[in-house]
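Structure assessment
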Amino acid sequence: DQQVKQNSPSLSVQEGRISILNCDYTNSMFDYFLWYKKYPAEGPTFLISISSIKDKNEDGRFTVFLNKSAKHLSLHIVPSQPGDSAVYFCAAIITDKLIFGTGTRLQVFP
Amino acid sequence: DTEVTQTPKHLVMGMTNKKSLKCEQHMGHRAMYWYKQKAKKPPELMFVYSYEKLSINESVPSRFSPECPNSSLLNLHLHALQPEDSALYLCASSQAPGGAAYNEQFFGPGTRLTVL
């Protein structure tokens, strides 16, 4: 049973435009959400997180939005850059466990 | 030093072999983790060590045996594995389990394991 889902396995965006990656979850007990970025042959790299008591967190080009009533979060990257091309995982924390979503492969083209 | 290192990078083993995966961090983190990642799937948590003690075992088969000899090292001992155990094994660490300090886990590059 996948508690954290990313329904778009891939996304293609032009350089300079906004990338929006979406994530849905089922467990209302999750208390932290995170986004990780993963390049091939490397481990995931932490990008940004948000507490369940907030609805927005911003860090440079990255903004995460949380809609608790819809059990939905999204990652906005603006402007998108070719170096952003990677697989993005959303993840949720509950009782010391980090549960990853299924991942979205983002490709930013010139 | 914000790096988690893992050795070896690649490992090929037979079903009767015994091998070990190693993970090391020098960030003073007191929580360390093992994950397994199959192709096109998300990482799945296997074990959590908190202050050198095993705190979470996600019902992992006993052919996987974790060990945390000290706060910087984490091993995963492998014995009598099956071909379906072939995967990328990721190690991670975080400042401490639980609370705000938990939320950033630093991952190593992984060990690509193939079981023949």
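What this report covers is the structure whose coordinates are included nearby. (Residues numbered from 1 in each chain as written. Chains lettered and ligands numbered in written order. Predicted model: local features only at pLDDT ≥ 70, side-chain atom pairs only at ≥ 80, totals over all residues. Heavy atoms only, no water.)

1. Overview of the overall build of chain A
A tally of helices and strands in chain A yields zero helices and 11 strands. Traced from its N-terminal end to its C-terminal end, chain A shows the element sequence β-β-β-β-β-β-β-β-β-β-β. Its C-alpha atoms give chain A a radius of gyration of 13 Å, within 12% of the compact-globule value 13 Å for 110 residues. Dimensions of chain A along its principal axes, counting C-alpha atoms only, are 40 × 30 × 20 Å. The buried share among the 110 residues of chain A stands at 47%. Partitioning the intrachain contacts of chain A with sequence separation of at least 6 by distance along the chain shows that 54% fall at a separation of at least 24. Accessible area for chain A stands at about 5,400 Å²; split by element, carbon and sulfur atoms hold 49% of it. When the 11 positive and 10 negative side-chain charges of chain A are each reduced to one mean point, those points stand 3 Å apart. (Helix = DSSP H or I, 4+ residues; strand = E, 2+ residues; numbered from the N terminus. Rg over C-alpha atoms; globule rule 2.2 N^0.38 Å. Buried < 20%, exposed > 50% of the residue type's maximum accessible area, 1.4 Å probe, protein only. Contact = heavy atoms within 4.5 Å. Areas by Shrake-Rupley, 256 points an atom, 1.4 Å probe, with all protein chains shown as cover. Lys, Arg positive; Asp, Glu negative; His and termini not counted. Charge placed at Lys NZ, Arg CZ, Asp CG, Glu CD.)

2. Notes on the packing of aromatic side chains
Per the counting criterion, the structure on display carries 12 aromatic pairs over all chains. By the ring-pair criterion, three or more aromatic residues cluster together here, those being Tyr 36, Phe 46, Phe 89 and Phe 100 of chain A together with Tyr 33, Tyr 35 and Phe 107 of chain B. (Phe/Tyr/Trp six-rings, centres within 6.5 Å; stacked < 30°, edge-to-face > 60°.)

3. As for the sheet that holds strand β8 (residues 73–79) of chain B
Residues and elements named next belong to chain B. Taken in spatial order, the four strands of this open sheet run β1-β3-β8-β7, and their pairing is antiparallel. Edge positions in the sheet fall to β1 (4–7) and β7 (64–70), since each of these pairs with one other strand and no more. The sheet shows a mean angle of 20° between the axes of neighbouring strands, direction not considered. By the bridge criterion, four bridges tie β1 to strand β3 (residues 18–25) in an arrangement that is antiparallel. Paired with Val 4 across the two strands is Gln 25, which belongs to β3. (Pairing = 2+ DSSP bridges. Axes fitted to C-alpha atoms, helices over the stretch in contact; angles between N-to-C directions.)

4. Structural notes on the interface of chain B and chain A
The figure often quoted for interface size is the accessible area lost as the parts come together. Contacts between chain B and chain A engage 22 residues on the former and 20 residues on the latter. Between chain B and chain A, the buried area comes to about 1,600 Å², and carbon and sulfur atoms account for 63% of it. Our count for the chain B to chain A interface comes out at one salt bridge. We note a salt bridge from Lys 97 of chain A to Glu 58 of chain B, for which the minimum N-O separation is 2.8 Å. Our count for the chain B to chain A interface comes out at three residue pairs in polar contact (both at pLDDT 80 or more). Per-element tally for the side of chain B that touches chain A: the top contributor is strand β4 (residues 31–37) of chain B, with three residues. Along the lines of polarity and charge, the residues of the side of chain B that touches chain A split into 14 nonpolar, five polar and three charged. (Buried area = accessible area lost by both parts, 1.4 Å probe. Salt bridge = Lys/Arg side-chain N within 4 Å of Asp/Glu carboxyl O. Polar contact = N/O pair within 3.5 Å; in protein donor to acceptor, adjacent residues only side chain to side chain. Nonpolar A, V, L, I, M, F, W, Y, C, P; charged D, E, K, R; others polar.)

5. So, the state of the cysteines
Residue and element names in this part refer to chain A. Counted under the stated rule, the structure contains two disulfides over all chains. Here Cys 23 is linked by a disulfide to Cys 90, with a sulfur-sulfur distance of 1.9 Å. Across the disulfide from Cys 23 to Cys 90, rotation about the S-S bond amounts to roughly 60°, and the bridge is consequently right-handed. Highlighted residues: Cys 23 in strand β3 (residues 19–25) and Cys 90 in strand β9 (residues 86–94), separated in sequence by 67 residues. Each member of the pair, Cys 23 together with Cys 90, is buried. (Disulfide = S-S within 2.5 Å.)

6. Describing the side chain of Lys 37 of chain A
Residues and elements named next belong to chain A. One can find Lys 37 in strand β4 (residues 32–38). It is Asp 84 that comes nearest to the buried, bridge-free Lys 37 among opposite-charge side chains, at 4.1 Å. Engagement of the side chain of Lys 37 in a polar contact is seen with the backbone oxygen of Gly 83, the distance being 3.4 Å.

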